[in-house]
Amino acid sequence: MKKFPPSLAVIFAALLWSIDGFLRQELNTIPAIVIVTLEHSIGAIIFFPFLVKSWKSIKGLGQREWISILWIAIFGGILGTFFYTKALGYVNYINLSVVVLLQKLQPVFAIALSSIILKEKLSNKFISLSIFAIIGAYLVTFGSTSEFEWNDKTIIASLLALLSAFCWGSSTVLGKHTLKSLPFEAVAGLRLSVTAFFTLIALLATSEIAIVLDLESVQWQKILIIVFSSGSIALAIYYYGLQNLPASHTTIYELAWPLSALLLDWGLRGQLLNITQLLGAFILLTSMVILSSENYDT
């Protein structure tokens with residue numbers, strides 16, 4: 001059976017992530033730490049069998065691998081998700097344009113770190129295509145709108161988005177390092193489990209643990225939908241792609257997120273893409289298609 005193209009796996013994961021903001025909008029009354037704890041705890045239970053299966057390899061991990069796992073669990077799982085959720089809260093879940101800055105800046109961090117840490121060689125062609133892809137993603141998100149206003153909430157949201165971009169961009173690179181020692185299912189399970197462990201401790205140390213008992217059935221349903229779509233399942237699909245791609249390439253394919261988010265916004269809310277956004281979509285898609293045809297070593 002022919003292996004599923006890793007580039008398409010990353011793009012598919014990005015498509016799942018595009019619905020994440022819409023799902024979390026209906027959970028805006030729940031503290032971010034509660035959502036992060038529950039979604040990662042449920043995901044850890046789902047992927048526990050893969051940890052058992054890879055236990056021998058896990059016990060053989062070295063110090064560098066465990067540092068990488070702790071990094072992706074704390075920065076990618078806890079802080080990145082927390083900053084992202086808080087940023088959405090600051091814009092009152094109405095205007096996502098500030099928050100999606102992270103999708104344009106994340107590749108900058110990931111590409112730089114992949115070159116420094118993983119020693120990935122970045123060709124002039126790749127750098128040029130990356131710049132075009134980021135420009136395309138920017139145009140898709142912001143279009144030609146002039147309604148963007150800088151006030152205290154948008155500034156805070158932008159800072160939170162920048163922090164989230166660094167957390168997720170660096171986690172892509174360190175995740176790639178871990179995937180050299182473990183299968184993608186085990187890496188996903190470890191990240192979910194370690195993240196759940198730390199967030200559960202934080203939750204127990206606060207009075208917000210009582211909120212879990214007061215959650216309504218509709219809120220539980222939304223959390224479960226997140227786990228089985230844009231959460232744990234998307235993470236495993238993403239790690240499959242990352243295991244078979246350079247980290248620098250992977251972060252560019254993730255730029256499918258803003259395009260799909262805009263299309264969802266059009267389908268659900270009737271907000272049409274303008275000419276500038278359509279141009280950005282063309283640039284973004286063209287860059288990713290050319291990148292996907294490149295030969296690369298992992």
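Residues numbered from 1 in each chain as written. Predicted model: local features only at pLDDT ≥ 70, side-chain atom pairs only at ≥ 80, totals over all residues. Heavy atoms only, no water.

1. With respect to the overall build of the chain
Keep this limit in mind: The way it works is that DSSP assigns letters per residue, a run of H or I at least four long becomes a helix, a run of E at least two long becomes a strand, and they are numbered from the N terminus. Using a 1.4 Å probe on the protein chains alone, a residue whose accessible area is under 20% of its type maximum counts as buried, one over 50% counts as exposed, and one in between counts as partly exposed. In this description, contact between two residues means that some pair of their heavy atoms is separated by no more than 4.5 Å. Note on areas: Shrake-Rupley with a 1.4 Å probe; residue coverage comes only from the protein chains shown.
Looking only at helices and strands, the chain features 16 helices and 0 strands. Residues counted as buried form 55% of the 298 residues belonging to the chain. Restricting to contacts in the chain with at least 6 residues of sequence separation, those with at least 24 account for 91%. For the chain, the exposed surface amounts to about 14,000 Å²; the carbon and sulfur share of it is 68%.

2. Focus: empty space enclosed by the protein
Filter applied, for reference: Definitions used for this entry: grid spacing 1 Å over protein atoms alone; cavity, a set of points where a 1.4 Å probe fits but cannot get out; pocket, an open set with protein on both sides within 12 Å along at least 5 of 7 lines; lining residue, one with an atom within 4 Å of a point. Grid points are joined across faces, edges and corners, and a volume is the space filled by probe spheres set on the points. Classes in brief: Ala, Val, Leu, Ile, Met, Phe, Trp, Tyr, Cys and Pro nonpolar; Asp, Glu, Lys and Arg charged; the others, Gly included, polar.
Throughout the structure, instances matching the rule amount to 2 cavities of 30 Å³ or more. The calculated volume of the largest cavity comes to roughly 440 Å³. Residue lining of the largest cavity: 23 residues in total, with Trp17, Thr81, Trp168, Arg191 and Ser230 positioned closest to the centre. Of all the secondary structure elements, the ones that give two or more residues to the lining of the largest cavity are helix H2 (20-25), helix H3 (32-46), helix H6 (63-90), helix H7 (101-116), helix H9 (152-178), helix H10 (184-204) and helix H13 (232-243). Of all the elements, H13 adds the most residues to the lining of the largest cavity, at 4 residues. A per-class count over the lining of the largest cavity returns 8 nonpolar, 10 polar and 5 charged.

3. Some thoughts on the packing of aromatic side chains
This is how the line gets drawn: Any two rings among Phe, Tyr and Trp, with Trp reduced to its six-membered ring, count as a pair given centres within 6.5 Å; such a pair is stacked if its planes are under 30 degrees apart, edge-to-face if over 60, and tilted if neither.
The tally for this structure, following the rule as stated, stands at 7 aromatic pairs. With 5.6 Å between their ring centres and 40° between their planes, phenylalanine 47 and phenylalanine 50 make a pair best called tilted. Its relative accessible area of 5% is what places phenylalanine 47 among the buried residues. Residues tryptophan 71 and phenylalanine 166 carry aromatic rings whose centres are separated by 6.4 Å and whose planes lie at 75° to one another, so their mutual orientation is edge-to-face. You can see tryptophan 71 sitting in helix H6 and its partner phenylalanine 166 sitting in helix H9, a full 95 residues away along the chain. An aromatic cluster of at least three residues, connected via ring pairs, comprises Trp17, Tyr238 and Tyr239.

4. Some thoughts on helix H1 (residues 6-17)
Our working definition: What a helix should span is 1.5 Å times the count of its residues minus one.
Taking 1.5 Å as the rise per residue, H1 with 12 residues should run 16 Å; its terminal C-alpha atoms sit 17 Å apart, in good agreement. For H1, the complete set of buried residues consists of Pro6, Ser7, Ala9, Val10, Ala13, Ala14, Leu16 and Trp17.

5. Observations concerning a nonpolar patch on the surface
Note the cut-off: Only residues whose relative accessible area exceeds 30% and that form no salt bridge enter a patch; like-charged residues are grouped when within 9 Å of one another, and nonpolar side chains (Val, Leu, Ile, Met, Phe, Trp, Tyr) when within 5 Å. Salt-bridge detection follows one rule: a side-chain nitrogen of Lys or Arg within 4 Å of a carboxyl oxygen of Asp or Glu.
A contiguous nonpolar patch, built from Leu70, Phe197, Phe198 and Ile201 and spanning about 360 Å² of accessible area, is present on the exposed surface. Looking at which element gives the most residues to the nonpolar patch, the answer is H10, with 3 residues. Mapped onto the elements, leucine 70 comes out in helix H6.

6. Re the environment of threonine 81
Here threonine 81 shows up in helix H6. A C-alpha to C-alpha distance of 9.2 Å links threonine 81 and isoleucine 33, two positions 48 residues apart in sequence. Ignoring sequence-local partners within four residues, the contact set of threonine 81 consists of Arg24, Val36, Glu39, His40, Gly76 and Trp168.

7. Here we look at the confidence of the model for the chain
Our working rule: One confidence number per residue, pLDDT, is output by the predictor and ranges from 0 to 100.
Residues at a pLDDT of 70 or more form 83% of the chain, whose mean pLDDT is 81. Element-level mean pLDDT values for the chain span from 70 in helix H15 (residues 256-269) up to 95 in helix H4 (residues 48-53).

8. What to know about the packing of H10 against H13
Here is the rule we go by: In this analysis, axes come from line fits to C-alpha atoms, helices being fitted only over the stretch in contact, and the angle between any two N-to-C directions falls in the range 0 to 180 degrees. Note on angle classes: values under 35 degrees are labelled roughly parallel, values over 145 roughly antiparallel, values of 65 to 115 roughly perpendicular, and the remainder oblique. By the definition used in this description, the sense in which the near helix is turned from the far one sets the handedness, with an anticlockwise turn below a right angle giving left-handed and a clockwise turn giving right-handed.
Look at H10 against H13: their axes get within 8 Å of each other, and the N-to-C directions meet at 135°. Considering their axes alone, H10 and H13 lie oblique with respect to each other. The handedness of the crossing between H10 and H13 is right-handed. Contacts between H10 and H13 pair Phe184, Val187, Ala188, Arg191 and Leu192 from the former with Ser232, Leu235, Ala236, Tyr239, Tyr240 and Gln243 from the latter. Residue composition of the contact of H10 with H13, grouped by class: 8 nonpolar, 2 polar and 1 charged.

9. Concerning the side chain of serine 114
Structurally, serine 114 is set in helix H7. In this structure, serine 114 is in contact with Lys119, Glu120, Val173, Ala247 and Ser248, ignoring residues within four places of it in sequence.

10. A few points about the packing of H1 against H13
Running from N to C, H1 and H13 point in directions that differ by 155°, and their axes come no closer than 7 Å. The angle between H1 and H13 falls in the class roughly antiparallel. Relative to H13, H1 is oriented so that their crossing is left-handed. Counted together, Pro6, Ala9, Val10, Phe12, Ala13, Leu16 and Trp17 of H1 and Ala234, Ile237, Tyr238, Tyr240, Gly241 and Leu242 of H13 form the full contact between these two elements. Residues belonging to the contact of H1 with H13 are distributed by class as follows: 12 nonpolar, 1 polar and no charged.

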